[in-house]
Amino acid sequence: GQATQACLATDRGTLQLFNPLPLPWTGWVQLPRQKVPRWVELPPLASRPATDAPVPPAGVEWQGRTLRNARVQAAFAADGALQTLVIDGREVAFDGRAAFPVLYPDRPSNYDAWDIDRHSLALGQPVTTAVHFRREPTSPDRVVFTFTRKLGRASTLTLRHELRAGEAVLRITAEVDWHESHTLLRLHFPTTYRGRHARFGAPFGSTLRCQQPGDPQAEAQWEVPGSRW
């Protein structure tokens, strides 16, 4: 993943960029009073002057509905589904379509404003409405694809897929104009990965949760903390 970086001013008034992680960090940083972001390479637990200007990586290419930089390739179907995702030479194996929305009925037996009944997740209906595809105005360091579609009776969903030069991550942002009632919305990314457990961060530690169907005790823990994953 990508880390956050801090900007520090020294006693001489020189702007410094600090990496708080014990790992090297690279990425694009928007500096004060500058219109365009700058490529930054920071060593672990160290800082460098913001005036340092390492050679930026090769830019982002696009063709049709395919995005590509030196580390990531992503291809999309006409309906907005993510068909191919390759990161540093390794392809993510999807189990069907990926990045597609599903609507679920939300009418719990008790506590309408709080509970989600477990059986609701077996009643989802994939959204199949028409998709409007657009490529946002781009720059040499990034390209953005957007897919907009209607949801339910009166809502809309816009998925923004952003690829930046040099990064090993495809950034996905969901913008939802929501007007539905008693309805849940989920975005699915099914893969062929079949790990049995996932570890989720929680205050003062972490907890394991099952990822596959199992006994009633395990399935009763289908809600998980997501403060850190």
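Everything below is about the structure printed above this text.
Here the structure is a predicted model, which is why all the values come from computation and not from measurement. (Residues numbered from 1 in each chain as written. Predicted model: local features only at pLDDT ≥ 70, side-chain atom pairs only at ≥ 80, totals over all residues. Heavy atoms only, no water.)

Can you lay out the nonpolar core for me, pointing to particular residues and giving the numbers?
Ranked by internal contacts, the top residues of the largest apolar core, which has 18 residues, are Leu-67, Phe-76, Leu-82, Leu-85 and Leu-170. Secondary-structure elements contributing two or more residues to this core are strand 8 (72-76), strand 9 (82-87) and strand 14 (142-151). Setting aside its immediate chain neighbours within four residues, Leu-82 contacts Ala-74, Ala-75, Phe-76, Phe-94, Ala-98, Ala-99 and Leu-170. Residues Leu-17, Trp-25, Val-29 and Val-40 belong to the second largest nonpolar core, which totals seven residues. (Core = buried A, V, L, I, M, F, W, Y, C linked by side-chain atoms within 4.5 Å. Buried < 20%, exposed > 50% of the residue type's maximum accessible area, 1.4 Å probe, protein only. Helix = DSSP H or I, 4+ residues; strand = E, 2+ residues; numbered from the N terminus. Contact = heavy atoms within 4.5 Å.)

So what's going on with the side chain of Asp-106? Which residues, and what values?
Mapped onto the fold, Asp-106 is located in the loop between strand 11 (100-105) and strand 12 (125-126). For the buried Asp-106, which has no salt bridge, the nearest side chain bearing the opposite charge is Arg-107, at an N-O separation of 8.5 Å. Filtering out sequence-adjacent residues up to four positions away, Asp-106 remains in contact with Asp-112, Asp-115, His-182, Thr-183 and Leu-184. (Lys, Arg positive; Asp, Glu negative; His and termini not counted. Salt bridge = Lys/Arg side-chain N within 4 Å of Asp/Glu carboxyl O.)

I'd like a description of the sheet that holds strand 11, backed by residues and values.
The strand order across the open sheet built from three strands is 12-11-17, with neighbouring strands paired in antiparallel fashion. Sheet topology places strand 12 and strand 17 (183-188) at the edges, where each strand pairs with a single neighbour. (Pairing = 2+ DSSP bridges.)

Account for the pairing of strand 14, with residues named and values stated.
In terms of burial, strand 14 is largely enclosed, as seven of its ten residues are buried. Relative to strand 14, strand 13 (residues 131-135) is paired through five bridges, and the arrangement is antiparallel. Within strand 14, the position partnered with Arg-134 by the bridge is Thr-146. Between strand 13 and strand 14, which pair antiparallel one after the other, the connecting turn spans six residues. Taken together, the ten bridges between strand 14 and strand 15 (residues 155-164) define a ladder with antiparallel strand orientation. When the sheet's bridge partners are listed, Leu-151 is paired in strand 15 with Ser-155. Count of turn residues in the strand 14/strand 15 antiparallel hairpin: three residues, of which Gly-152 carries a positive phi of about 55°.

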